[in-house]
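Summary of structural features
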Amino acid sequence: MDRTFLMIKPDGVQRGLIGEIISRFEKKGLKMTAAKFERIPESRVMEHYTEHVEKPFFPGLKSYITSGPCFLMVWEGKDIVSITRQMIGATNPAEAAPGTIRGDFALEIGMNVIHGSDSNETAEREISIHFSPEEISEYERIDEKFLYE
Ligand code: DAT
Ligand code: MG
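Residues numbered from 1 in each chain as written. Chains lettered and ligands numbered in written order. Predicted model: local features only at pLDDT ≥ 70, side-chain atom pairs only at ≥ 80, totals over all residues. Heavy atoms only, no water.

**What to know about the site of ligand 1**
Inspection of the region around ligand 1 gives Lys9, Tyr49, His52, Phe57, Leu61, Arg85, Thr91, Arg102, Ile109 and Asn112 as its neighbouring residues. The contact in question runs from an oxygen atom of ligand 1 to an N or O atom on the side chain of Lys9, over 3.0 Å. Within the side chain of His52, a nitrogen or oxygen atom sits 3.0 Å from an oxygen atom of ligand 1. Burial of ligand 1 by the protein amounts to 75% of the accessible area it has alone, namely 510 Å². The residue inventory of the shell around ligand 1, partitioned by class, reads four nonpolar, three polar and three charged. (Near = heavy atom within 4 Å. Polar contact = N/O pair within 3.5 Å; in protein donor to acceptor, adjacent residues only side chain to side chain. Areas by Shrake-Rupley, 256 points an atom, 1.4 Å probe, with all protein chains shown as cover. Nonpolar A, V, L, I, M, F, W, Y, C, P; charged D, E, K, R; others polar.)

Okay, structure coming up:
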């Protein structure tokens, strides 16, 4: 089964959106296999955003992500990376479609509520940065036989 790393950023936590966001993924039929509530240390933020460290917006991004606790998760499901990226919406909330998380709950690119991995390779890399294998719980959800053909 495919996996992804999803993270509700400090603005989403502060604005009380954790439950609403998790609820959307749960109702879709996706399965949460790990979660933790944590203020991410700077070293792991650098590793996570390694492709962006040289970009002009990185200092602002780093101080935003470390400004408060995040809610970090691993989720599982068929084609989950593409499904969750579509549910999250465009990077800039001003361009994110209504019905997407960023389209419904955010206004500006620097505070876009949630992170989601953008490929299966990125997902595995990001999961290994933030979770140890023992923190991930494999299990079957009782509704799976009505979700997968
Ligand atoms: P995404 O989070 O949609 O995968 P990304 O990987 O290109 O987008 O960028 C990571 C985060 O960095 C993004 O969620 C918000 C921030 N960011 C990206 N481009 C930015 C910009 N031009 N100005 C400010 N922040 C930006
Ligand atoms: Mg990205």
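Picking up where we left off.
**Points about the nonpolar core**
Ranked by size, the top nonpolar core spans 21 residues in total, and within it Ile21, Phe25, Met73, Trp75, Ile101, Val113 and Ile114 carry the most contacts. Contributing elements (two or more residues each) for this core: strand 1 (3-8), helix 2 (18-28), strand 3 (70-76), helix 5 (80-88) and helix 6 (101-105). The element contributing the most residues to this core is helix 5, with four residues. Setting aside its immediate chain neighbours within four residues, Ile114 contacts Met7, Ile8, Lys9, Ile21, Phe25, Ile88, Ile101 and Arg102. In terms of nonpolar packing, the next biggest core, distinct from the first, is built from 16 residues, Ala34, Phe58, Cys70 and Val74 among them. (Core = buried A, V, L, I, M, F, W, Y, C linked by side-chain atoms within 4.5 Å. Buried < 20%, exposed > 50% of the residue type's maximum accessible area, 1.4 Å probe, protein only. Helix = DSSP H or I, 4+ residues; strand = E, 2+ residues; numbered from the N terminus. Contact = heavy atoms within 4.5 Å.)

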